[in-house]
Amino acid sequence: MAKNNETMSREEAGRKGGEATSNNHDKDFYQEIGRKGGEATSENHDKEFYQEIGRKGGEATSENHDKEFYQEIGQKGGESRGNQRND
């Protein structure tokens, strides 16, 4: 916290601003700005952009997780798909 005449750090100002925004807005607000951001991104980037970020994300995930992680998410996905077909 800023003391007396000291200026607030950028990190602290960002945290306080985020808390104030969170207190003043609901889930719908965040969904709307997320939708708008997604639309703006899709208008400014092409297929190769998304392929590249997907590749980087896949590499990062594989570096941080082991075989058991993939087995578990594969099993959950299979169960979910099976449940969708049974509905």
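Scroll up for the structure.
Now for a look at the structure at hand. (Residues numbered from 1 in each chain as written. Predicted model: local features only at pLDDT ≥ 70, side-chain atom pairs only at ≥ 80, totals over all residues. Heavy atoms only, no water.)

### So, the overall build of the protein chain
Assigned secondary structure in the protein chain consists of 4 helices and 0 strands. Reading the helices (α) and strands (β) of the protein chain from amino to carboxyl end gives α-α-α-α. Taken against the 2.2 N^0.38 rule, which gives 12 Å for 87 residues, the C-alpha radius of gyration of the protein chain at 21 Å runs more than 25% over that of a compact globule. Reported as C-alpha extents along the three principal axes, the dimensions of the protein chain are approximately 60 × 35 × 30 Å. Counting the 87 residues in the protein chain, one finds 1% classified as buried. For the protein chain, the exposed area adds up to about 7800 Å²; of that, 48% sits on carbon and sulfur atoms. Each charge class in the protein chain was averaged separately, 14 positive and 19 negative side chains, and the resulting centres sit 1 Å apart. (Helix = DSSP H or I, 4+ residues; strand = E, 2+ residues; numbered from the N terminus. Rg over C-alpha atoms; globule rule 2.2 N^0.38 Å. Buried < 20%, exposed > 50% of the residue type's maximum accessible area, 1.4 Å probe, protein only. Areas by Shrake-Rupley, 256 points an atom, 1.4 Å probe, with all protein chains shown as cover. Lys, Arg positive; Asp, Glu negative; His and termini not counted. Charge placed at Lys NZ, Arg CZ, Asp CG, Glu CD.)

### Side note on the pattern of salt bridges
A complete count under the given rule lists 9 salt bridges for this structure. In this structure, Arg15 and Glu12 form a salt bridge, with 4.0 Å as the shortest nitrogen-oxygen distance. Highlighted residues: Arg15 and Glu12, both in helix 1 (residues 10-24), separated by 3 residues, approximately one helical turn. Overall, the relative accessible area of 40% leaves Arg15 in the partly exposed class. Exposure remark for Glu12: the relative accessible area of 10% places this residue in the buried category. (Salt bridge = Lys/Arg side-chain N within 4 Å of Asp/Glu carboxyl O.)

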